[in-house]
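Chains, contacts and geometry: an overview
So you can see what is in the structure, the chains are spelled out below.
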Amino acid sequence: MAAGDGEPALQSKSVCVVGGGVAGLAAARELRREGHAVTVMEQSADVGGQWLYDPRTDGEDPLGAAAPVRVPSSIYACLRLISPREAMGFSDFQFFPRDGPGRDPCRFPVHGELHCYLRDFCDAFGLMDAVRLHTRVLRVALTPTSTTANRRWTVRSVRRLGTTDDDDVAHEEEEEEEVFDAVVVATGHYSQPMLPGDIEGMGEWTRRQLHSHSYRTPEPFRGEAVVVVGCAESGKDIALDLCRVAREVHLAASSEATAATPAMSRMLANHGDVLRLHPRIRRLHADGRVEFADGSSVVADTVIYCTGYTYSFPFLDTGGAVTIDSGGHVVGPLFEHVFPPSLAPSLSFVGVARKVLIPWFFEVQARWVAQVLSGRRALPAEEEMLRSVEEHLRAREAAGMARKHTHNIAGIEPEKMYEFGERYSDLPPLEEWKKELVMSSIASMLADVETFRDRAYDDSEIVRKGLRGWLDLAAKAQAKSMAVAVDVEADVQAMAN
Ligand SMILES: Cc1cc2nc3c(=O)[nH]c(=O)nc-3n(C[C@H](O)[C@H](O)[C@H](O)COP(=O)(O)OP(=O)(O)OC[C@H]3O[C@@H](n4cnc5c(N)ncnc54)[C@H](O)[C@@H]3O)c2cc1C
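Rules of the game
Residues numbered from 1 in each chain as written. Predicted model: local features only at pLDDT ≥ 70, side-chain atom pairs only at ≥ 80, totals over all residues. UniProt positions renumbered as here; feature names shortened; annotations may be inferred. Helix = DSSP H or I, 4+ residues; strand = E, 2+ residues; numbered from the N terminus. Rg over C-alpha atoms; globule rule 2.2 N^0.38 Å. Buried ≥ 20, exposed ≤ 12 C-beta atoms within 10 Å, placed from the backbone. Contact = placed C-beta atoms within 7 Å. Domains from an automatic or database assignment. Expected span 1.5 Å × (residues − 1). Near = placed C-beta within 6 Å. Nonpolar A, V, L, I, M, F, W, Y, C, P; charged D, E, K, R; others polar. Pairing = 2+ DSSP bridges. Axes fitted to C-alpha atoms, helices over the stretch in contact; angles between N-to-C directions. Parallel < 35°, antiparallel > 145°, perpendicular 65-115°, else oblique. Left-handed = near helix turned anticlockwise from the far one by under 90°. Core = buried A, V, L, I, M, F, W, Y, C linked by C-beta atoms within 7 Å.

An unreviewed UniProt entry annotates the chain as Flavin-containing monooxygenase of Triticum aestivum. Of the chain, the UniProt comment under Cofactor (unreviewed entry) reads exactly: "FAD". Under the Function (unreviewed entry) heading, UniProt states for the chain: "Catalyzes the conversion of methylthioalkyl glucosinolates of any chain length into methylsulfinylalkyl glucosinolates."

Right, here's the structure in full:
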């Protein structure tokens, strides 16, 4: 629903965005574009969220049982993107390959390339002016004077003073409390580990256990027998990484369906000397045995749980209006995964949806939030939004979907992602060739997870054509930035003379 002619003038709000990852940066850009005053609070030393690789881990709590975890990023050193860069750019700032130290021009680059790109994005749009680094949000709650017609939010944060990131070095902190018209929560859902609830003996096992959140490199596991729990992307990546140094790697699959893929068969064929596949773990025994559901067992030094992440908003006090349930899988109620009906539009969430194309989908969500806050677009009545949430849950249930898939969009109904874009934002639709490239990349990954990033790309004619235009634009962008660099150098020379 868009506001038409004759509507009141657009309003500018003060908005706090919690989190400076892809979602928070998309929110900052869209809110600013719409004329709002934005403050992004980011607890880390830089923006980028997951893509800010951190060699430190939650070493004291390797299972990540306490919330919030100390280290937000769960990225491991060997990680390369699984989504093609051509489809991973902001709509008006494409993810073009760039020259420079540490840059990686591949279609599926190393993680650091995405971090460099996010920094370039901030520089291109002056976003760092709005970002407060080293600033952790401790509490978000309605101000006591809030009314239904005029809600405002108190945000309490703590800022680390000084420049060191070393937790062992004493540092000063400064707490601050501010009031904003609106808060956008963009804290992601890849930091707080989800642990399996059905493995007996986890508490008594005295050998090493960790969650993939705390995995960085294979070296600490050299010569060990390691059991990796879970066969999704991280489980497969980490198992393959370990195969280079471990004595034995045992992958425990939660279901036969996830395990019986062509990619898994190839992995097992390629690494049969080290890698074995098992059904799910039934029990960990005090003597180091790991017993699987089929009764077989192995003796292991380490168990690594690649079992996903839970939603967690320890700073958010909505008085029960927004809750996390179904074992950490569902945040709700959220109209279209963004607005809690009883607190909309002053509270919103960008980035709760799972399995979506980023940053495009986050841009759509962020633009919607920005335009609702300004009054350019209107939301349905609260009861209607609630009804829509319930209908979504009922439809998924009727289709036999587990509750944990509530926020999974493209993994269940890929077209919904693009329909959402058309319904709620005026962002240009994603080009067809990019949609096709995303789908063919997924198919390629499912066929062979080890080589899909480097195999000769078997792009269709539509993709090749789109790509030619995209590469032309990339060349022009490169020429422009080189011309700017030459100008700057000439200016510096002139000043020196
Ligand atoms: C191992 C791994 C591999 C992945 N590979 C891919 C891939 O190839 N392609 C892809 O599209 N996606 C991939 N993803 C998913 C990807 O991380 C997300 O799509 C995206 O980065 C999420 O961005 P976000 O901004 O929502 O969350 P995040 O990147 O998690 O950012 C959230 C930010 O909020 C900050 N924050 C949290 N709490 C607070 C607080 N209280 N105060 C202040 N700041 C706070 C955090 O420090 C963090 O910077 C991967 C994820 C993981 C874990």
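1. Structural notes on the overall build of the chain
From N to C terminus, the chain includes ten helices and 19 strands. A compact globule built from 497 residues should have a C-alpha radius of gyration of about 23 Å, and the chain, at 24 Å, falls within 12% of that. Taking the principal axes of the C-alpha coordinates as reference, the chain spans close to 70 × 60 × 55 Å. Relative to its 497 residues, the chain shows a buried fraction of 40%. Of all intrachain contacts in the chain linking residues separated by at least 6 positions in sequence, the fraction that spans at least 24 positions is 68%.

2. Topic: the domain arrangement of the chain
Domain annotation of the chain identifies domain 1 (14-47 + 127-191 + 311-427) and domain 2 (195-305). The straight-line distance from the C-alpha centre of domain 1 to that of domain 2 is 34 Å.

3. Some points on helix α7 (residues 382-398)
Here α7 contains 17 residues, and its C-alpha end-to-end distance of 24 Å stays within 8% of the 24 Å for a straight helix at 1.5 Å per residue. Once α7 ends, the next one or two residues include Gly400, with phi positive near 80°.

4. What to know about the site of the ligand
Lining the immediate environment of the ligand, one finds 31 residues, of which Gly19, Gly21, Gly49, Gly188 and Gly351 sit closest. For the shell around the ligand, the secondary structure elements donating two or more residues are α1 (22-33) and β4 (135-142). Counting residues per element, the shell around the ligand draws most heavily on α1, at three residues. Here the residues of the shell around the ligand are counted per class, giving 14 nonpolar, 15 polar and two charged.

5. What to know about the pairing of strand β13 (residues 289-292)
The sheet contact formed by strand β12 (residues 281-284) and β13 spans three bridges and is antiparallel. Its bridge partner being in β13, Leu284 is matched across the sheet by Val290. Connecting the antiparallel pair β12 and β13 is a turn made up of four residues, with Gly288 showing a positive phi of about 100°. Once β13 ends, the chain turns through four residues before running back antiparallel as strand β14 (residues 297-299), passing Gly295 with a positive phi of about 90°.

6. Remarks on the packing of α1 against helix α6 (residues 360-374)
Between α1 and α6, the least distance of the axes is 8 Å, while the angle of their chain directions is 40°. Classified by the angle between their axes, α1 and α6 sit oblique to one another. Note on packing geometry: the crossing formed by α1 with α6 is right-handed. Taking contact as the criterion, the partners of Val22, Ala23, Ala26, Ala27, Glu30, Leu31 and Arg33 in α1 are, on α6, Phe362, Glu363, Ala366, Arg367, Val369 and Ala370. Looking at the contact of α1 with α6, its residues break down into nine nonpolar, no polar and four charged.

7. Re the nonpolar core
Counting residues in each nonpolar core, the largest one holds 112 residues, and the members touching the most others are Ala27 and Val183. If you tally residues by element for this core, the top one is α6, at ten residues. Residue-level mapping places this core at the junction of two domains, with at least three residues from each of domain 1 (14-47 + 127-191 + 311-427) and domain 2 (195-305). Setting aside residues up to four positions removed in sequence, Ala27 forms contacts with Val17, Val184, Ala186, Val350, Ala366 and Val369.

8. Some details on the sheet that holds strand β1 (residues 14-18)
The strand order across the open sheet formed by five strands is β3-β2-β1-β7-β19, and the pairing between neighbours is parallel. The outermost strands of the open sheet, each flanked by one partner alone, are β3 (131-132) and β19 (347-349). Here α1 sits on the sheet in contact with β1, β2 (37-41) and β7 (182-185), set at roughly 170° to β2.

9. Some details on unusual backbone geometry
Along the chain, Gly332 connects to Pro333 via a cis peptide bond; the corresponding omega equals -5°. Within the element layout of this structure, Pro333 appears in the loop between β18 (330-332) and β19. Omega for the bond connecting Ala344 with Pro345 falls within 30 degrees of zero, at 0°, which places this linkage in the cis form. Counting through the fold element by element, Pro345 comes out in the loop between β18 and β19. For Ser326, which is not glycine, the phi dihedral falls at a positive 50°. With respect to the helices, strands and loops of the structure, Ser326 is situated in the loop between β17 (323-325) and β18. Take Ser326: there are 14 C-beta atoms within 10 Å of it, and that puts it in the partly exposed class. Within the chain, Lys355 stands out as a residue other than glycine whose phi angle is a positive 50°. The class for Lys355 is partly exposed, based on 14 C-beta atoms found within 10 Å.

10. Digging into the packing of α6 against helix α8 (residues 414-424)
Each pair of packed helices can be described by the angle between their axes along with the distance between the axes. Contact pair α6 / α8: the axes reach a minimum separation of 10 Å and the direction vectors enclose 25°. With respect to α8, the element α6 is oriented roughly parallel. Classified by chirality, the crossing of α8 by α6 is left-handed. Residues Phe361, Val364 and Trp368 of α6 lie in contact with α8, whose contacting residues are Met417, Phe420, Gly421 and Tyr424. A per-class count over the contact of α6 with α8 returns six nonpolar, one polar and no charged.

11. Section: helix α9 (residues 432-447)
The end-to-end C-alpha separation of α9 is 23 Å, in line with the 22 Å expected for 16 residues at 1.5 Å each. Taken as a whole, α9 has its buried residues at Trp433, Lys434, Lys435, Leu437, Val438, Ser441, Ser444 and Met445.

12. Things to note about the sheet that holds β13
Read from one edge to the other, the open sheet built from three strands follows the order β12-β13-β14, with strand pairing classed as antiparallel. At either margin of the open sheet sits one strand with a lone partner, and together these are β12 and β14. Averaged over all neighbouring strand pairs, the angle between strand axes comes to 20°, with direction disregarded.

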